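As a plain string of letters, each chain reads:
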Amino acid sequence: MSRKPDPNAIEFLKTKVYLSYYDHHPQNTSDFVYFTVEEALPYNAFHLDFGPLHIGHLYRFAVALHNILNDPSNERKAVVFYSSPNVKERTNAACILCCYLVLVQNWSPHQVLQPIAQYDPPFMSFRDAGYSHADFGLTIQDVVYGMWRAKERKMVDITSFNLEEYEQYERVDQGDFNVISKDFIAFASPKQSRPGAPLNQPFKKVLEFFVNNNVQLVVRLNSHLKCHCKWW
């Protein structure tokens, strides 16, 4: 097999891994196997924010892709990872594939960014959950280099990543926080409904985790709803 699955497809690994988009769910053929995570791993926005998908999604994506690549029935087929034509979905798909190649397949940032550098239509920038015009855009390139730097500094290791713990504590009722590295947590500070009121469940979960992991410093940045912490 030497041809691309379609004119829009971006070839990442020659004759083996492609990225594309469709307005339908394509059927597997004798040359290509298609898969998407758009419905299984959606990005849940708070307001106007958009992407990227988190590391829990990346872990699940890696498992799904590995299962497809290691399936004996797909030995002679190329894998086409796809999304819908919506620019947000295309951007999230491209970003998670690039991060996978950096974190799991040990590609360098320039290797994964080269295939999408001049792609048309272009990918959009991510933005935060503000209510006004976004004045700071985060690109796929920013995310890829951040992932690469985190890997180089051993801040993230997909082989020891605890998916169950990550998905538990990111839930609002379980504390709504993420362990970014071995000594850094990002969280939305829970609070009592009124002074002297019993602690709610999220607050109890946060305090329980802090005590068990010897968290000793909390830093508030800009907003009373945004906090970060460190432990020793």
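Residues numbered from 1 in each chain as written. Predicted model: local features only at pLDDT ≥ 70, side-chain atom pairs only at ≥ 80, totals over all residues. Heavy atoms only, no water.

### A word on the overall build of the chain
What counts, and what does not: In this description a helix means any DSSP run of H or I spanning at least four residues, a strand means any run of E spanning at least two, and both kinds are numbered starting from the N terminus. When accessible area is computed with a 1.4 Å probe and restricted to protein chains, residues below 20% of their type maximum are described as buried, those above 50% as exposed, and intermediate ones as partly exposed. Whether two residues are in contact is decided by their heavy atoms: any pair within 4.5 Å suffices. All accessible areas in this document rest on Shrake-Rupley with a 1.4 Å probe, and a residue is counted as covered only by the protein chains that are shown. In this tally Asp and Glu are treated as negative and Lys and Arg as positive; neither His nor the chain ends contributes. To locate a charge, the coordinates of NZ of Lys, CZ of Arg, CG of Asp or CD of Glu are taken.
Tallying secondary structure elements over the chain gives six helices and eight strands in all. In sequence order, the secondary structure elements of the chain are arranged as β-β-β-α-β-α-α-α-α-β-β-α-β-β. Along the first, second and third principal axes, the C-alpha set of the chain runs to 70 × 40 × 30 Å. Counting only residues that meet the buried cut, the chain has 41% of its 232 residues in that class. Within the chain, counting contacts between residues at least 6 apart in sequence, those at least 24 apart form 66% of the total. Total accessible area on the chain stands at roughly 13900 Å², and carbon and sulfur atoms take up 52% of it. Counting 23 positive and 24 negative side-chain charges, the chain places the centres of these two groups 5 Å from one another.

### Let's talk about the pairing of strand β5 (residues 177-181)
So the rule is basically this: One requirement defines pairing of two strands: DSSP has to find at least two bridges between them.
Where β5 meets strand β6 (residues 184-187), four bridges bridge the pair, whose relative direction is antiparallel. Residue pairing in the sheet places Asn178 in a bridge with Ala186 of β6. In textbook terms, the turn of a hairpin is the stretch between consecutive antiparallel strands, and for β5 and β6 this stretch comprises two residues.

### Details of a nonpolar patch on the surface
Heads up, the rule is: Two distance rules govern patches: like charges are joined within 9 Å, and nonpolar side chains (Val, Leu, Ile, Met, Phe, Trp, Tyr) within 5 Å, applied only to residues with over 30% relative accessible area and no salt bridge. Salt bridge, as used here: a side-chain nitrogen of Lys or Arg that lies within 4 Å of a carboxyl oxygen of Asp or Glu.
A cluster of nonpolar side chains, namely Met155, Ile180 and Phe184, defines an oily patch on the protein surface of about 250 Å² accessible area. Relative to the helices and strands, Met155 resides in the loop between α4 (140-152) and α5 (163-169).

### Remarks on unusual backbone geometry
Trans is the prevailing form of peptide bonds, just as negative phi is the prevailing case for residues other than glycine. In this model, Gly51 is joined to Pro52 through a cis peptide bond whose omega is -5°. By the element assignment, Pro52 lies in the loop between β3 (32-35) and α1 (55-69). For the bond running from Asp120 to Pro121, omega is 5°, close enough to zero to count as cis. Positive phi, normally seen in glycine, also occurs at Thr15, with a value near 60°.

### Thoughts on the sheet that holds strand β4 (residues 78-83)
Selection criterion: Between the N-to-C directions of two axes lies an angle of 0 to 180 degrees, each axis being a line fitted to C-alpha atoms and, for a helix, fitted only over the stretch in contact.
Spatially, four strands are ordered β1-β2-β4-β3 in an open sheet, and the strand pairing comes out mixed. Two strands in the sheet have a free side with no partner beyond their single neighbour: β1 (10-13) and β3. Across this sheet, the average inter-strand angle for adjacent strands is 30°, counted without regard to direction. Note: β1 against strand β2 (residues 17-21), three bridges, orientation antiparallel. Following the sheet pairing, Glu11 is matched in β2 by Tyr18. Contacts between α1 and the sheet are confined to β3 and β4, with β3 contributing the most and set at about 160° to the helix. In the packing of helix α2 (residues 87-103) onto the sheet, contacts are made with β1, β2 and β4, and the angle to β4 comes to roughly 140°.

### Some details on the packing of aromatic side chains
Stated formally: In summary, the pairing rule links any two rings of Phe, Tyr or Trp, Trp by its six-membered ring, whose centres are within 6.5 Å, and it sorts them by plane angle into stacked for under 30 degrees, edge-to-face for over 60 and tilted for everything else. For a lysine, the NZ atom is tested; for an arginine, the CZ atom; a charge sits over a ring if that atom is within 6 Å of the ring centre and within 35 degrees of the ring normal.
In this structure the tally under the stated criterion is 18 aromatic pairs. Both rings, one in Tyr22 and one in Tyr34, keep their centres 5.8 Å apart while their planes meet at 80°; by these two values the pair is edge-to-face. With Tyr22 in the loop between β2 and β3 and Tyr34 in strand β3, the pair connects residues that are 12 residues apart, well separated along the chain. According to the relative accessible area criterion, Tyr22 is buried, its value standing at 11%. Residue classification places Tyr34 among the buried residues on the basis of a relative accessible area of 14%. Residues Phe50 and Phe126 carry aromatic rings whose centres are separated by 5.0 Å and whose planes lie at 40° to one another, so their mutual orientation is tilted. With Phe50 in the loop between β3 and α1 and Phe126 in the loop between α3 (109-113) and α4, this pair connects stretches of sequence that are 76 residues apart. Look at Phe50 and you get buried, because its relative accessible area is 3%. One aromatic cluster in this structure is built from Tyr18, Tyr22, Phe32, Tyr34 and Tyr82. A cation sits over an aromatic face here: Arg90 above Tyr21, 5.3 Å from the ring centre.

### Section: the environment of Leu19
For Leu19, the position within the fold is in strand β2. Leu19 sits in the buried class, given a relative accessible area of 5%. For the pair formed by Leu19 and Gly196, sequence separation is 177 residues and the distance between their alpha carbons is 54 Å.

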